[in-house]
Amino acid sequence: MSRFDSTTRTWHGPTQPPVLNPAASIGQVIVNILERTPEKLIQIDADTGEEYTCDKVRLQMIRAALNLTQVFKISKADMICMVLDNRSCVMPLLFGCFLIGAPVHTLDASFQEADLIHLMSITKPKLVFCTEHNQSTVRNAIKLAQFEAEVVVLDGSEKQKRIFAQHDAEKLYRPPYLGDSNQTTAVVVCSSGTTGLPKAVCVSHAQLIAPYSMISHMEPSTVLCFSSLYWISAFQMLLLTVFNGFKRVITTRPFSPAYACELVKKYEVSNAFVPPPMLAEIVEYCEIRQLKLPTLRMVGCGGSSLPDSLKKRANALSPIGRVFVGYALSETGGIMSLDLLEKPNSVGILMPNVSMRIAADDGTLLGPDEEGEILIRYIHPFIGYYGNPEATQDILTADGFIKTGDIGYFDKTGFLFITERKKEMIRYRGYQIAPAQLEALLMELPGIVQAVVVATPDEKPPHDDLPMALVVRSRDGKQVSKLEILDYVHGKVPDYKRLRGGLFFVDSLPTTANGKINRMKAKKIVPV
């Protein structure tokens, strides 16, 4: 359980040494694990049927390390950018970069020119990997961002073949130690960007190695995650696979509930990660067709609030599994809390070596059942935003706690509850309104698939924010009406939380590449 220190007003998870050595470089750890079970199947490409054993991944990552160094002249600390989907060669290529200490800036293959210009302008990579489908966009973005980079197209090109070509030194290769793993950047991922332009988050080798001490006992599993490596959640699922000897199913096809269920059934998937909007689509798809997903044991869910009503419906899809809600930050590299012990609407208890505080707006540290901003400190520290020391300084307290911008509280028994993002809070007549609470109420109604609540400005003085709901209804059965929805919500909230900005039905809600609802774009789709 989470433990509260009343003197320092700090909550602590258990103190526990990691199973894997966070002082090593992550490439050293991965090679050591892969060579223990060389014939074990670790990855299946659902698109092509291509299979990777541990030995195939190990050999290809070593070849990539050697050829990146000697053929492409990449050295330690040279930035590499991947604008890629989940194709077979990404895993060994990424691991090869780990071996030589070249930090990897991971971007989603669906990004348009403007996104790439903003993000690549931050890191200015020396080498950029892309696909045949997006190479024109990538090359234009590099040109407009005004930096020089070699571009490698991963569609069977000669350059790709050179990366994984046989090398004379591969049989005697030994992974090098790269220096202090707490200060050596392994990957650069991005903050979510749903409330503003994303920043480039540096994640250290130690942060990627250390968090996996709690799950090493898990049974053999098959893992599915649609997210590309643009997201820290995708790294967590990838490393979950490697560090625990699991099997990973990948696909370049976009998420749909039908395809997700098809993959779960075909490959007997036991572990999956989906953000709440995707989970809602899967649940509706299965309920309408009376389908079950009996192989699922663990469905990880995070990134935005998950209504307890949706969690219960999802749990009913598998007799042997359940949904686990976690709380993580890109800045920490791993899961900071997890509902290993269930409590409705909680994101669980603190993971090992994690400390948290709850702070009021004036910085006063709060106690149990008092709501404020969540501050986090992990034993392996956040090393900063790439090229942005001002933002790094702004997000850290004097003693190294990260100011998350999330609002929440601990109850007296040490369970953490996330109320809302600080920037997403709606303010009306001096009151603060958490959109997540209203969204959870909306999702309780049968016939509502997705819902988001955003602020719309009141044209009348004093020009407050007004809560406005956008709702996606089920296309099957009797559709719930606007009046029924408003009567239900307004019957459960105080007057100041009423949906004064209106309620609108939409066919779909805009999402980020990871499936989170994009609130900024949602505000722009209100029907006239």
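For the structure, check the block above.
Residues numbered from 1 in each chain as written. Predicted model: local features only at pLDDT ≥ 70, side-chain atom pairs only at ≥ 80, totals over all residues. Heavy atoms only, no water.

Secondary structure assignment for the chain yields 15 helices and 26 strands. The C-alpha atoms of the chain give a radius of gyration of 23 Å, which matches the 24 Å a tight globule of 528 residues would have. With the principal axes as the frame, the chain shows a C-alpha extent of 75 × 55 × 50 Å. A separation threshold of at least 6 residues defines the contact pool for the chain, and within that pool the share at least 24 residues apart is 68%. Approximately 22500 Å² of the chain is accessible, and the part contributed by carbon and sulfur atoms is 51%. For the chain, the distance from the average position of its 56 positive side-chain charges to the average position of its 55 negative side-chain charges is 1 Å. (Helix = DSSP H or I, 4+ residues; strand = E, 2+ residues; numbered from the N terminus. Rg over C-alpha atoms; globule rule 2.2 N^0.38 Å. Contact = heavy atoms within 4.5 Å. Areas by Shrake-Rupley, 256 points an atom, 1.4 Å probe, with all protein chains shown as cover. Lys, Arg positive; Asp, Glu negative; His and termini not counted. Charge placed at Lys NZ, Arg CZ, Asp CG, Glu CD.)

Now for the side chain of His167. Mapped onto the fold, His167 is located in the loop between α6 (158-163) and β9 (185-190). In terms of polar contacts, His167 uses its side chain to reach the side chain of Gln70, at 2.8 Å. Each residue touching His167, except ones within four places of it in the same chain, is listed here: Leu66, Asn67 and Gln70. (Polar contact = N/O pair within 3.5 Å; in protein donor to acceptor, adjacent residues only side chain to side chain.)

Attention shifts here to the sheet that holds strand β25 (residues 465-473). The three strands lie next to each other as β24-β25-β26, forming an open sheet whose pairing is mixed. Every interior strand has two partners, whereas the edge strands, β24 (448-457) and β26 (502-505), have only one. Here the average twist between neighbouring strands, direction ignored, is 25°. The sheet contact formed by β25 and β26 spans four bridges and is parallel. If you follow Leu470 over to β26, its bridge partner there is Phe504. Docked against the sheet, helix α14 (residues 482-490) engages β24 and β26, running at close to 135° with respect to β26. (Pairing = 2+ DSSP bridges. Axes fitted to C-alpha atoms, helices over the stretch in contact; angles between N-to-C directions.)

Bringing the side chain of Ser318 into the picture now. Position of Ser318 among the secondary structure elements: in the loop between α11 (308-315) and β15 (322-328). Within polar-contact distance, the side chain of Ser318 engages the backbone nitrogen of Gly321 at 3.4 Å. Sequence-distant contacts of Ser318, that is, excluding residues within four places in its chain, are made with Leu293, Pro294 and Leu296.

This part is about the environment of Pro257. Of note, Pro257 is situated in helix α9 (residues 257-267). Placed 26 residues apart in sequence, Pro257 and Val283 show a C-alpha to C-alpha distance of 8.3 Å.

Interhelical geometry of helix α1 (residues 26-34) versus helix α8 (residues 232-243) gives an angle of 45° and a closest axis separation of 10 Å. Judged by the inter-axis angle, α1 sits oblique to α8. Within the contact between the two elements, α1 uses Ile26, Val29, Ile30, Ile33 and Leu34 and α8 uses Leu239, Val242 and Phe243. Broken down by class, the residue content of the contact of α1 with α8 amounts to eight nonpolar, no polar and no charged. (Parallel < 35°, antiparallel > 145°, perpendicular 65-115°, else oblique. Nonpolar A, V, L, I, M, F, W, Y, C, P; charged D, E, K, R; others polar.)

This next bit is on the pattern of salt bridges. This structure, assessed with the given rule, holds 20 salt bridges. The salt bridge partner of Asp55 is Arg58, with a shortest N-O separation of 3.0 Å. Residue Asp55 and its partner Arg58 are located together in helix α2 (residues 54-70), separated by three residues, close to a single helical turn. Of the charged contacts, one joins Arg357 and Asp399 as a salt bridge, the two residues approaching to 2.8 Å between their closest N and O atoms. Of this pair, Arg357 sits in strand β18 (residues 354-359) while Asp399 sits in the loop between α12 (389-395) and β20 (402-410); the two residues are 42 residues apart in sequence, bridging distant segments of the chain. (Salt bridge = Lys/Arg side-chain N within 4 Å of Asp/Glu carboxyl O.)

Let's shift gears to helix α4 (residues 113-123). Among all positions in α4, only Leu116, Leu119, Met120 and Thr123 are buried. All buried residues of α4 lie within an arc of 95° about the axis, which places them on one face of the element. Taken together, the buried residues of α4 touch β5 (80-84), β6 (104-108), β7 (127-130), α5 (135-145), β9 and β10 (200-204). Where α4 terminates, the next one or two residues include Lys124, which has phi positive at roughly 45°. (Buried < 20%, exposed > 50% of the residue type's maximum accessible area, 1.4 Å probe, protein only. Arc of directions from axis to C-beta.)

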